[in-house]
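Examining the three-dimensional arrangement
What follows is the residue order along each chain.
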Amino acid sequence: MNYLSVENLTKYYGEFPMFENISFGLEEGQKCALVAKNGSGKTTLLNILIGKDMPDSGEVAFNQNISIGYLEQDPKFEEGQTVIDFIFQSDLPKVKALKEYQHIVGLEDYSEEGLKKLEKATHQMEELKAWDFEARVRQVLSTFNIHDVSLKVDRLSGGQKKRVALARILIEEPNFLILDEPTNHLDLDMIEWLEEYLTRSRMTLLLVTHDRYFLDRICNEIIELSDGTIYKHRGNYSYYIENKAQREAQQAAEVDKAKNLMRKELDWVRRMPKARGTKAKYRMDAFKDLKKKAHSGKKEEKLEMSVQMNRMGKKILEIENLNKAFDDKKILEDFNYVFKRKERVGIVGKNGVGKSTFLNIVMGLESADSGELVKGETIVYGYFSQSGMQISDDKRVIDVIKEIADVIPVAGGRTLTASQFLNTFLFPPEQQYSYVSTLSGGEKRRLYLLTILMKNPNFLILDEPTNDLDLMTLSVLEDFLETFDGCLIVVSHDRYFMDKLVDHLFIFEGEGQVKDFNGKYSDYRDFLDEQEREKKRLEKEAKKVEQDKEQKQKKPQAKKLSYKERKEYEALEAEIETLETEKEEINEKLGSGEITDHEELVKLSERVGELMELIDEKMMRWMELDEIANAE
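Small disclaimer: the values here were computed from a predicted structure and weren't measured.

Looking now at the confidence of the model for the protein. With 88% of its residues at a pLDDT of 70 or more, the protein has an overall mean of 83. pLDDT under 50 marks residues 275–279. Its contacts with residues more than four places away, or in other chains, come to two contacts.

Glycine aside, residues mostly have negative phi angles, and peptide bonds mostly take the trans form. Of note, Asp327 is a non-glycine position whose phi angle comes to about 55°, a positive value. The residue Asp327 is located in the loop between β10 (317–326) and β11 (329–339) in this model. The phi dihedral of Asn456 falls on the positive side, at around 55°, and the residue is not glycine. Residue class for Asn456 comes out buried when judged on its relative accessible area of 8%.

Overall, the coordinates contain 22 aromatic pairs when judged by the stated rule. Aromatic side chains Phe517 and Tyr524 sit 5.4 Å apart centroid to centroid with 65° between the ring planes, which places their arrangement in the edge-to-face category. Like Phe517, the residue Tyr524 is buried in the burial classification. Within the aromatic cluster, the residues linked to one another by ring pairs are Phe335, Tyr337, Phe339, Phe358, Tyr381, Phe459, Phe506 and Phe508.

Turning next to the sheet that holds strand β2 (residues 16–27). Read across the sheet, three strands follow the order β2-β1-β4 without closing on themselves; strand pairing throughout is antiparallel. On the outer flanks of this sheet lie β2 and β4 (57–62), each paired with one strand and no other. Averaged over all pairs of adjacent strands, the angle between their axes in this sheet comes to 15°, without regard to strand direction. Here eight bridges tie strand β1 (residues 2–13) to β2, and the two strands are oriented antiparallel to one another. Its bridge partner lying in β2, Tyr13 is registered against Phe16. Against the sheet, helix α1 (residues 42–49) engages β1, β2 and β4, with an angle of about 125° to β1.

Turning to the pairing of strand β8 (residues 221–226), a few remarks are in order. Among the six residues in β8, six count as buried, and that is most of the element. Here β8 shows a buried face lined by Glu221, Ile223 and Leu225 and a second buried face lined by Ile222, Glu224 and Ser226. Bridge count for strand β3 (residues 31–35) against β8 is four bridges, and the pairing is parallel. Paired with Leu34 across the strands is Ile223, a residue of β8. With six bridges connecting them, β8 and strand β9 (residues 229–234) associate as antiparallel partners. Paired with Ile223 across the strands is Lys232, a residue of β9.

Moving on, we come to the sheet that holds strand β6 (residues 176–180). Read from one edge to the other, the open sheet built from six strands follows the order β5-β6-β7-β3-β8-β9, with strand pairing classed as mixed. Two strands bound the open sheet, and with one partner strand each, they are β5 (68–71) and β9. Each adjacent strand pair in this sheet contributes to an overall mean axis angle of 15°, direction not counted. On top of the sheet, helix α6 (residues 158–172) reaches β5 and β6; it is set at about 170° to β5, its chief contact.

Turning our attention to helix α16 (residues 471–482). Over its twelve residues, α16 runs 16 Å from end to end, which matches the ideal 16 Å to within 8%, given 1.5 Å per residue. Within α16, burial applies to Leu471, Met472, Thr473, Leu474, Val476, Leu477, Glu478, Phe480 and Leu481.

As a packed pair, helix α5 (residues 130–143) and α6 sit with axes 10 Å apart at the nearest point and diverge in direction by 150°. α6 is crossed by α5, and the crossing has right-handed handedness. Between α5, through Phe133, Arg136, Val137, Val140 and Leu141, and α6, the contact on the second element is made entirely by Ala167, Leu170 and Ile171. A per-class count over the contact of α5 with α6 returns seven nonpolar, no polar and one charged.

Within the element layout of this structure, His493 appears in the loop between β18 (487–491) and α17 (495–501). Here Glu464 takes part through its side chain, which lies 2.8 Å from a polar atom of the side chain of His493. The contact partners of His493, leaving out residues within four places of it in the chain, are Thr183, Asn184, His185, Leu186, Leu188, Ile191, His210, Asp211, Glu464, Thr466 and Asn467.

Attention shifts here to the nonpolar core. Counting residues in hydrophobic clusters, the biggest one holds 49 residues, and the most contacted among them are Ile87, Phe144, Leu166, Leu177, Leu179 and Leu198. No other element matches α6, which puts seven residues into this core. Ignoring anything within four residues of it in the chain, the contact list for Ile87 reads Val137, Leu141, Val164, Ala167, Arg168 and Ile171.

Let us look at the state of the cysteines. Per the stated rule, a full pass over the model turns up zero disulfides. With no disulfide of its own, Cys32 lies closest to Cys219 among cysteine sulfurs, the gap being 6.8 Å.

With that settled, the discussion passes to helix α3 (residues 93–107). Along its 15 residues, α3 runs 21 Å from first to last C-alpha, staying within 8% of the 21 Å computed at 1.5 Å per residue. Every buried residue belonging to α3 is among Val95, Ala97, Leu98, Tyr101 and Ile104, and all of these are buried. Trailing α3 by a residue or two, Glu108 shows a phi angle of about 50°, which is positive.

Pairing is possible between side chains of opposite charge, provided their charged atoms come close. Applying the stated criterion across every chain yields a total of 34 salt bridges. A salt bridge links Lys515 to Glu509; the nearest nitrogen and oxygen atoms lie 3.4 Å apart. One continuous salt-bridge network, built from bridges that share partners, spans Asp189, Glu192, Arg525 and Asp529.

Attention now moves to the environment of Ser419. Its place among the elements puts Ser419 in helix α13 (residues 418–424). Classification of Ser419 as partly exposed rests on a relative accessible area of 29%. Put simply, Ser419 and Gln432 are 13 residues apart on the chain and 7.4 Å apart in space, counted from C-alpha to C-alpha. Residue contacts for Ser419: discarding those within four places in its chain leaves Ile398 and Gln432. At 2.7 Å, the side chain of Ser419 forms a polar contact with the side chain of Gln432.

What counts as what
- Residues numbered from 1 in each chain as written.
- Predicted model: local features only at pLDDT ≥ 70, side-chain atom pairs only at ≥ 80, totals over all residues.
- Heavy atoms only, no water.
- pLDDT = per-residue confidence, 0-100.
- Contact = heavy atoms within 4.5 Å.
- Helix = DSSP H or I, 4+ residues; strand = E, 2+ residues; numbered from the N terminus.
- Buried < 20%, exposed > 50% of the residue type's maximum accessible area, 1.4 Å probe, protein only.
- Phe/Tyr/Trp six-rings, centres within 6.5 Å; stacked < 30°, edge-to-face > 60°.
- Pairing = 2+ DSSP bridges.
- Axes fitted to C-alpha atoms, helices over the stretch in contact; angles between N-to-C directions.
- Expected span 1.5 Å × (residues − 1).
- Left-handed = near helix turned anticlockwise from the far one by under 90°.
- Nonpolar A, V, L, I, M, F, W, Y, C, P; charged D, E, K, R; others polar.
- Polar contact = N/O pair within 3.5 Å; in protein donor to acceptor, adjacent residues only side chain to side chain.
- Core = buried A, V, L, I, M, F, W, Y, C linked by side-chain atoms within 4.5 Å.
- Disulfide = S-S within 2.5 Å.
- Salt bridge = Lys/Arg side-chain N within 4 Å of Asp/Glu carboxyl O.

In structure tokens, the structure reads:
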């Protein structure tokens, strides 16, 4: 079933087309990602789809029988609105029925008329199954760690606001979900929960995200918006990267061939006598077409990050007995660490545990309660803060750079002018004299990054650097940081970014405790999973010991597996293994891009969800029977 059709959509930004005559569609069950460079119009396109913006031409049509949920990159809330007011700000019949019921109950009107209203509201709740909805609201809010629903939303942090907005959409359970950077401001535990939820869900999905693990594990199709044109890729992110490289290589070969032919034709045109013009008109027309083809291969702009790093001495940074607390909330307790050359540290922990506070203390922007922090004389910090640089919208891009320096030293002893330096960061001359207000969120973040690197730091501190950056910029930033000879501290919810760059982690566990973990984030995740398995094993053993103790005291007949249960127990392990194998095989098919038939794609995606439910169900039953078998 078709859910969305986009036909010949065009949108201009001033005189320049953001995209022109683009067409695509989404069918029921598809999980699709939209990828493009910053400033290419991803958010504009999403806003057009949901009616918040208008195209210059073209049509957008949704299936009229479906419900649509949209998560904005920066959700908007009414001033003074509480969490529960926002959650219930919906036209869903269930929500209206629940609000009406709660209103009538709150009146405490026990008159005959009041009881009739209560009876009617109760009947409406029964008819719409709104009691289940109320339970779902509590369940989802609890999952998102939203406990006080009377809080004013405008007092919440960025991460809390994102969770509230996301919770409302998931509570409503739309058929078609559109998400713009859903992982921004979420902590890693929340991202992994959302990833699991969307993988299991049968919702149709269109999302914009820079989180490559998230994208790779959820999506079975990629729509790429490049130079105003749409390219479709079946398969996950890994397949898209491979497919894109092949396409660009083929286009480059075709353009090179056209340029070689054009040289021959150009020679002929120049030698052609004017009297023969009418006779060779067909050849002149062919030459024009060839010229267009030869110039169609617009050279792919590559972001280059090459800066001169200040010399680093032996002493880097020494931290001794550092303590910090806000009232009764401990952030750091007797924290000690000595940084070494080329140190690469990732920092992880739940939102609000104190990660950014620690960075501010290191930078001297915030004071510790006690302890000592000694910085080496040669250390030059480069601090990319989560809040970003406060740049006046009425400044021109080049003036932002010139206020820091007119000439910038780069690697190899070379220097670049402010304009040349901007150009290497994909700010072409025509954009350099534009106002900051015209930049997209990702372009502003890239400009902020540029202002940090141009100071030639030897100790980089990056607090959520991946938010709003496009995939190309992220890839080049990673390449730069891999060859960076200085020290690096990274706070990021981007697991791919962390895995690629850090050697060990500071785990902020809360209550002032910081643990140093030797390994990358994926290693840490595996470690936690192993701990959880071991915890369950020990709990199971303890429970068994307790049960054995109780049985000895009561001396009843020990429960044994029946013949039927024993057969079931013996078969379950093989069944679970078979289901796991089928799930892996389907995931490989979905990620390979080999499947082109849409109905088969939807069927396989639904089957993955069914398999995950079956595996969980059979695993629970196996554990139940295993406990009885071991007690015999």
